[in-house]
Amino acid sequence: DFGFYDPNVIVSVSEEEEEKLLQIYPNPAHNEFTIEGELRHYRIELFNAVGQLQQTYNPKEKAFTIDISTIPQGLYLLRAIHKENEYVETYKLIKQ
């Protein structure tokens, strides 16, 4: 008996998903993915899993498609950096 376990007590943790400013789909992706949002305000950076910058984008449209057909499969991080206040959002992207 560990003294702290009570099978009659139910504990639940609810993590509210933080609302993201941009949408990325499909994720996982094969050859390309699309980013949607107020992209003209952001610089987009794509990093591999070890933190190496793969590409930088400065999209002007509300939907921007990125070709990833030439990069290896794996986990990537996409950073959206606001051009005026340097606010950063990071997204995980899986290349299949």
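Now for a look at the structure at hand. Since this is a predicted model, take the numbers as computed values, not measurements.

1. Comments concerning the sheet that holds strand β6 (residues 74-82)
For step 1, the next point in the chain: Within the open sheet, the four strands sit side by side as β4-β3-β6-β7. Their pairing is antiparallel. Both edges of this open sheet fall to β4 (53-57) and β7 (88-95), since each of them pairs with a single strand only. Strand-to-strand twist of the sheet, defined as the mean angle between neighbouring strand axes without regard to direction, takes the value 20°.
For step 2, the next point in the chain: Sheet topology note: the strand β3 (residues 42-48)/β4 ladder contains four bridges and is antiparallel. Paired with Leu-46 across the bridge in β4 is Gln-55.

2. A short note on the side chain of Lys-95
For step 1, the next point in the chain: Mapped onto the elements of the fold, Lys-95 is located in strand β7.
For step 2, the next point in the chain: For the buried Lys-95, no salt bridge exists, and the shortest N-O distance to an oppositely charged side chain is 7.3 Å, to Asp-67.
For step 3, the next point in the chain: For Lys-95, the side chain forms a polar contact with the main-chain oxygen of Ile-68, separated by 2.9 Å.
For step 4, the next point in the chain: Apart from residues no more than four positions distant in its own chain, Lys-95 is found in contact with Ala-29, His-30, Ile-68, Ser-69, Ile-71, Pro-72, Gln-73, Gly-74 and Tyr-76.

Cut-offs used in this document
- Residues numbered from 1 in each chain as written.
- Predicted model: local features only at pLDDT ≥ 70, side-chain atom pairs only at ≥ 80, totals over all residues.
- Heavy atoms only, no water.
- Pairing = 2+ DSSP bridges.
- Helix = DSSP H or I, 4+ residues; strand = E, 2+ residues; numbered from the N terminus.
- Axes fitted to C-alpha atoms, helices over the stretch in contact; angles between N-to-C directions.
- Buried < 20%, exposed > 50% of the residue type's maximum accessible area, 1.4 Å probe, protein only.
- Lys, Arg positive; Asp, Glu negative; His and termini not counted.
- Salt bridge = Lys/Arg side-chain N within 4 Å of Asp/Glu carboxyl O.
- Polar contact = N/O pair within 3.5 Å; in protein donor to acceptor, adjacent residues only side chain to side chain.
- Contact = heavy atoms within 4.5 Å.

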